[in-house]
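Listed below, chain by chain, are the residues.
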Amino acid sequence: MSTKHSKAAEAYLQDDAVVTRHDQTFFGVRQKRDRMAQALPEWEDLREAASQIKKHTETHLADYLEQFEQQTVKNGVHVHWANDAEEYNRIVFDILSSHQVKKVVKSKSMLTEECHLNGHLEAKGIEVIETDLGERILQMMKLAPSHIVMPALHVHREDIGDTFRRLIPDFDEIAKSYKPQDPHDPNDPTFLTYVARMHLRQQFAKADAGMTGANFGIAETGDVVVCTNEGNADMSTSIPKLHIVSMGIEKLIPNYQAMGVFQRFVARSGTGQETTVYTSHFRGPRPGGEMHIVLVDNGRSEIIGNPEHWQTLKCMRCGACMNTCPVYRRSAGYSYTYFIPGPIGVNLGMLRDPHKYYDNVSGCSLCCSCDNVCPVKVDLSTQVYRWRQELDSLGHADPMKKMMSNGMSFLFNHPALYTTALRLSHVVNWMPGALVNMKLNPWAYGHEMMKFPKKSFHQIWKEEKL
Amino acid sequence: MSAKEEILARLRKNTRETYDMPDLSQLNPITYVDPVAEFILKTTTTAGAKLIEKKPSETLNDIVQGIAKTLPSSGQGGEDFLIASNLPGIEAQLNPDTVAEAQELMAADLGVIEGRIGVAENACIWIPQQMKEKSVCFAAQQLVIVLSRDAIVNNMHEAYARIAASTEFFSQYKFGTFISGPSKTADIEGALVYGAQAARAVTVVLV
Amino acid sequence: MRIGLFIPCYVDALYPEVGVSTLRLLRSLGLDVDYPERQTCCGQPMGNAGFEKKAVLLAKKFDELFSPYDYVVAPSASCAAYVRCFHPHLLGSHEAQKQCATSEKTMDLVEFLHDVIKVKSLHARFPHKVSIHNSCHGVRELGLSSPSERNIPKFNKIIDLLKLVDGIEIVEPERPDECCGFGGMFAVEEQAVSARMGLEKVRRHIATGAEYVTGPDSSCLMHMQGVAQKQGLDIKFIHVAQILSAGL
């Protein structure tokens, strides 16, 4: 009985030190989030408000999208609509090529990863530079992200330093300008961040266009709000003159009053800070510049109609659920087959393509911790439970689990058989195969076998006339 | 049908039950006995910025030139230390209103800009765009942000209420940002580093 | 007040002493307790594995079997939670308008003693140091203690009851309500992750210096005990029912 997730996790778990570090790093972020939650007496009221605001907005989304477009067009922004990923990629390429763009700098956007934009642009000869430090590192090392907010935490400084030395042409010149000279550790994170800073500043200066995602879109005013700690979204959009925003349609909120609720959550939930360093409101193009927004559906208008799973549209992509998930912390991003891991990733993957991503559904002990950290109260664990019920009709139920469930159902529905089985159960104590053979008895992988008592409670009740 | 019409039609068709907007006036967000003190505390601790309280006897320019003297030139403008600002009274070598290209402000060692709202709960400062090239807010190596003590509010709800009610912000330039301290990252092994892509250090001058 | 005792399948088979302790404890409080013998299982193992349809008949039988009682009490947080939170859905989807009356009155032993009987004293003595295992479904589905993720006033019903026991010393491990990794079929399908979670949880309990790990759910205890024994780790496991009835 295994899935791609369980097999990948088992391989990952062979290196004890790596797992311990990964688990402690992300639980540390969970603890920082806890401190933020404890510091605000209104925390639980805010969560309820955020959940209700999103439920309202998602169920009136068409109206709010029309209002948003109206406002933003009034402000001089070009608005495009994309039914799906292919249409989105085409629209972005058309905008870039019609402006003779050769180099794009972009800040983090899960949507662009969902649509595989970078590969599409690169195949057509446009250079794409990720400017979020973690994403840039992964781009240079040709690695996939392992987390949606802190995507490169699993990468060691030595490998980063090595990559920078290989791929940044003026590494040595940059290193010479760093003070203090000769850092004790040639791969000290402060030094490497400085190198990346100098390298990326060259990219900002030479780029023809800047692309950002959108944390929120405010319908009432047409603002696009982008939150970063590094300021890379702002560097990307204050130097090159062309700005393209990629926004999933579910990112809208009604007004500034609602924005107060959400700005307070983004960093507290995601990284355990009171705020991101930068919370930027883009309402229109810069003087002499041009601003485009591409509104992307890519399945969201179907998800709203799914009675059990539509609440995933509330998700802010803060990452709190994966930080608390005990399974994510011990299996890490690469064990999941969808690019987003953890509780929200299990659910979003199934909504994206249940036949491709069902392996992740095993990666959950149904502990419900995620439900309790989610700032918008997505019922994550209940949704995983519901996906499990659907696996059989999708043709992906594990045959062993099915057989065991059938067996249990049969036994439990026949009390006389059940009590007889109990009478015989202690025979298991004497079965050597059960103790040793993990293939027959997967319990033996991590456990000593239990000893079955001579009498079950049923027997004791009957015989000892309790 | 255009993609827009298709998307809107699908949304309307597929939405089953609807939910009302909650009454946000019922929220009781955090307030402070002394919001200015809280702002100063958060600015100098969690945000990682410096804070100077301007004395009546000082001019803003005195303070800015004083800060400039303590900082090394990045060497990007030859050997001279370059200040970028369009604030009245500030001796600056670069003016974000008159530079030909935004790139030029990347040579600035120090940008001096004005904040219009300060937020005690998180040390955010609302900086509406008040110059032609906003790159001064991000590309300068260091930032000085000037903020009036009277502009400090308790929390983000109060800040956003002020912004929503303003007819001034967004009127000339369609951008505004909250900045809380210098740019940071912890993307390499979770180690906190100040000075990622934007300002490496921030000094807030409270007037 | 008539109480129907529900002894979950694996408690029945593996930890009957927990059932006996529960029965003795409830009777010692002067309660009228019956054990309808035709009971077997609440259906949770099938449900969590993705086959809740296989549990519908069981839920129906459970509902009928326990209908004569005012309360159904089980020494198992996760089973009580499954009946309360999932049986209404299981029955509702197959029998329109059916009120699942039994699920509303089904309670875990701890919450029953704490909230309904409001026990204020016990004749129990257990002079040992115990580390509390706050089982997930107890915390987050039944509200036996305040979840560490939330900003709500702190409480712990398990500890409240155990404080009534003479001689006991109570501690909680670091990460007091992190999952132990049992999760039913999760333990066999994601065996490596489950074992790692179990091992870490056991180590955290051991780090408190406690002699015993105790909690409201024998499934968690069973998992941790299996992991501890395989790793040769020295700590004992006991259900709260056994401590609360120690000395009877």
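Just so it is clear, the structure is predicted and the values come from calculations on it, not from any experiment.

## Focus: the overall build of chain A
And then number 1: Across its full length, chain A holds 24 helices and ten strands.
And then number 2: By principal-axis analysis of the C-alpha atoms, chain A measures approximately 90 × 55 × 45 Å.
And then number 3: When the 466 residues of chain A are sorted by exposure, 56% land in the buried category.
And then number 4: Expressed as a percentage of contacts within chain A between residues at least 6 apart in sequence, the contacts between residues at least 24 apart total 75%.

## Re the overall build of chain B
And then number 1: Scanning chain B from terminus to terminus reveals five helices and eleven strands.
And then number 2: The principal-axis extents of the C-alpha atoms in chain B amount to approximately 65 × 50 × 45 Å.
And then number 3: Across the 207 residues in chain B, those meeting the buried criterion constitute 49%.

## Overview of the interface of chain A and chain C
Interfaces are frequently sized by the accessible area removed from exposure as the parts join.
And then number 1: On the side of chain C, 57 residues touch chain A, which itself brings 61 residues to the contact.
And then number 2: Of the residues that constitute the side of chain A that touches chain C, the class distribution is 29 nonpolar, 21 polar and eleven charged.

## As for the interface of chain A and chain B
And then number 1: On the side of chain B, 62 residues touch chain A, which itself brings 71 residues to the contact.
And then number 2: If one sorts the elements of the side of chain A that touches chain B by residue count, helix H11 (residues 189–206) of chain A sits on top with eight residues.
And then number 3: Along the lines of polarity and charge, the residues of the side of chain A that touches chain B split into 32 nonpolar, 25 polar and 14 charged.

## A short note on the domain arrangement of chain A
Residue and element names in this part refer to chain A.
And then number 1: What the domain assignment reports for chain A is domain 1 (4–31 + 311–394), domain 2 (33–300) and domain 3 (414–463).
And then number 2: In this structure, domain 1 and domain 2 have C-alpha centres spaced 23 Å apart.
And then number 3: On the domain 2 side, the residues contacting the 26 residues of domain 1 number 29 residues.
And then number 4: Counting residues per element, the ones that place at least two in the side of domain 1 that touches domain 2 are helix H2 (16–39), helix H15 (320–324) and helix H17 (342–352).

## Quick look at the environment of Gly181(B)
And then number 1: Looking at where Gly181(B) falls in the secondary structure, it is placed in the loop between strand E8 (175–179) and strand E9 (184–185).
And then number 2: Put simply, Gly181(B) and Ile52(B) are 129 residues apart on the chain and 14 Å apart in space, counted from C-alpha to C-alpha.
And then number 3: Those residues in contact with Gly181(B) that lie beyond four places of it in its chain are Val277(A), Ala47(B), Gly48(B), Ala49(B), Ala123(B) and Val202(B).

## Digging into the sheet that holds strand E2 (residues 103–106) of chain A
Residue and element names in this part refer to chain A.
And then number 1: Taken in spatial order, the six strands line up as E1-E10-E7-E4-E2-E3 in an open sheet, and their pairing is parallel. Only two strands of the sheet have a single partner each, and these edge strands are strand E1 (78–82) and strand E3 (127–130). Across the sheet, the mean angle separating the axes of adjacent strands is 20 degrees when strand polarity is ignored.
And then number 2: Both strand E7 (residues 242–248) and strand E10 (residues 290–296) contribute to a ladder of seven bridges, which runs parallel. Its bridge partner being in E10, Val245 is matched across the sheet by Ile293.
And then number 3: Strands E1, E2, strand E4 (209–212), E7 and E10 of the sheet are contacted by helix H5 (residues 85–98), whose axis makes an angle of about 170 degrees with E10.

## Comments concerning the nonpolar core
And then number 1: Of all hydrophobic cores here, the largest spans 277 residues; its most connected members are Phe262(A), Val294(A), Leu105(B), Ala108(B), Ile145(B), Val73(C) and Ile243(C).
And then number 2: Sort the elements by how many residues they give to this core and helix H5 (residues 77–92) of chain C lands first, with nine residues.

## Concerning the sheet that holds strand E2 (residues 32–34) of chain C
All names here are of chain C.
And then number 1: On the basis of which strands lie adjacent, the open sheet formed by four strands has the order E2-E1-E3-E4 and parallel pairing. In the strand order of this sheet, the two ends are held by E2 and strand E4 (106–108), each with one partner. Between one strand axis and the next, the sheet turns by 35 degrees as a mean value, whatever way the strands run.
And then number 2: Across three bridges, the pairing between strand E1 (residues 2–5) and strand E3 (residues 71–74) is parallel. Counted as the bridge partner of Leu5 is Val73 from E3.
And then number 3: Contacting E3 and E4, H5 crosses the sheet at an angle of about 155 degrees to E4.

## Observations concerning the pairing of E3(C)
In regular strands, side chains alternate between the two faces of the sheet.
All names here are of chain C.
And then number 1: Along E3, one buried face is formed by Tyr71 and Val73 and the opposite face, lined by Val72 and Ala74, is buried too.
And then number 2: Alignment of E3 against E4, held across three bridges, turns out to be parallel. Bridge assignment links Val72 to a residue of E4, and that residue is Thr106.

## Quick word on the pairing of strand E9 (residues 278–282) of chain A
And then number 1: In terms of burial, E9(A) is a largely internal element, five of the five residues being buried.
And then number 2: Burial along E9(A) is two-sided: Tyr278(A), Ser280(A) and Phe282(A) facing one way and Thr279(A) and His281(A) facing the other are all buried.
And then number 3: As defined by bridge partners, E9(A) adjoins E8(B) across five bridges and the pair is classed as antiparallel. The residue bridging Phe282(A) from the neighbouring strand is Phe175(B), located in E8(B).

## So, unusual backbone geometry
Residues and elements named next belong to chain B.
And then number 1: Phi angles above zero are rare outside glycine, and Ala123 is one such case at about 60 degrees.
And then number 2: Locating Ala123 in the fold gives a position in the loop between strand E4 (117–119) and strand E5 (124–128).
And then number 3: Even without being a glycine, Glu189 presents a positive backbone phi close to 55 degrees.
And then number 4: Looking at the element boundaries, Glu189 is found in the loop between E9 and strand E10 (193–194).

## A word on the packing of helix H9 (residues 157–167) of chain A against H11(A)
All names here are of chain A.
And then number 1: Running from N to C, H9 and H11 point in directions that differ by 30 degrees, and their axes come no closer than 11 Å. When the axes of H9 and H11 are compared, the pair comes out roughly parallel. Considering the relative orientation of H9 and H11, their crossing is left-handed. Between H9, through Arg157, Ile160, Gly161 and Phe164, and H11, the contact on the second element is made entirely by Pro189, Leu192 and Val195.
And then number 2: A per-class count over the contact of H9 with H11 returns five nonpolar, one polar and one charged.

## Here we look at the environment of Cys180(C)
Residues and elements named next belong to chain C.
And then number 1: Looking at the secondary structure, you find Cys180 in the loop between strand E6 (169–171) and helix H10 (186–189).
And then number 2: Along the sequence, Cys180 and Met197 sit 17 residues apart, while their C-alpha atoms lie 5.5 Å from each other.
And then number 3: Beyond its immediate stretch of four places on either side in the chain, Cys180 contacts His133, Met197, Gly198, Lys201, Cys220, His223 and Met224.

## Overview of the packing of helix H8 (residues 133–141) of chain A against H9(A)
Residue and element names in this part refer to chain A.
And then number 1: Close contact between H8 and H9 brings their axes to 10 Å; oriented N to C, the two are set at 65 degrees. Overall, the two elements H8 and H9 adopt an arrangement that is roughly perpendicular. H8 and H9 meet at a crossing whose hand is left-handed. Between H8 and H9, the residues in contact are Ile137, Met140 and Met141 and Asp159, Ile160, Thr163 and Leu167, respectively.
And then number 2: When grouped by side-chain class, the residues that make up the contact of H8 with H9 number five nonpolar, one polar and one charged.

## Considering H8(A)
And then number 1: Within H8(A), burial applies to Leu133(A), Gly134(A), Glu135(A), Arg136(A), Ile137(A) and Leu138(A).
And then number 2: At its buried positions, H8(A) is contacted by E3, H9 and H11 of chain A together with E9 of chain B.
And then number 3: Two residues or fewer past H8(A), Lys142(A) is found with a positive phi of approximately 55 degrees.

## Overview of the confidence of the model for chain B
And then number 1: In this model, chain B carries an average pLDDT of 95, and 97% of its residues clear a pLDDT of 70 or more.
And then number 2: Here the prediction assigns the complex a pTM of 0.95, and the interface score ipTM is 0.97.

## Considering helix H21 (residues 399–412) of chain A
Residues and elements named next belong to chain A.
And then number 1: Between the first and last C-alpha of H21 there are 20 Å, a value that for 14 residues agrees with the 20 Å anticipated at 1.5 Å per step.
And then number 2: Taken together, the buried positions of H21 are occupied by Lys401, Ser405, Met408, Ser409 and Phe412. Looking down the long axis of H21, one finds its buried residues gathered within 100 degrees of arc, a one-sided arrangement. H21 presents Pro399, Met403, Gly407 and Phe410 as exposed residues on the side facing more than 90 degrees away from its buried surface.

## Comments concerning the environment of Tyr82(C)
All names here are of chain C.
And then number 1: Inspection of the secondary structure assignment puts Tyr82 in helix H5.
And then number 2: Of the residues examined, Tyr82 has 29 C-beta atoms within 10 Å and is grouped as buried.
And then number 3: Once you skip the residues sitting within four places of it in the chain, Tyr82 turns out to touch Cys42, Gly43, Gln44 and Gly47.

Rules used throughout
- Residues numbered from 1 in each chain as written.
- Chains lettered and ligands numbered in written order.
- Predicted model: local features only at pLDDT ≥ 70, side-chain atom pairs only at ≥ 80, totals over all residues.
- Helix = DSSP H or I, 4+ residues; strand = E, 2+ residues; numbered from the N terminus.
- Buried ≥ 20, exposed ≤ 12 C-beta atoms within 10 Å, placed from the backbone.
- Contact = placed C-beta atoms within 7 Å.
- Nonpolar A, V, L, I, M, F, W, Y, C, P; charged D, E, K, R; others polar.
- Domains from an automatic or database assignment.
- Pairing = 2+ DSSP bridges.
- Axes fitted to C-alpha atoms, helices over the stretch in contact; angles between N-to-C directions.
- Core = buried A, V, L, I, M, F, W, Y, C linked by C-beta atoms within 7 Å.
- Parallel < 35°, antiparallel > 145°, perpendicular 65-115°, else oblique.
- Left-handed = near helix turned anticlockwise from the far one by under 90°.
- pLDDT = per-residue confidence, 0-100.
- Expected span 1.5 Å × (residues − 1).
- Arc of directions from axis to C-beta.

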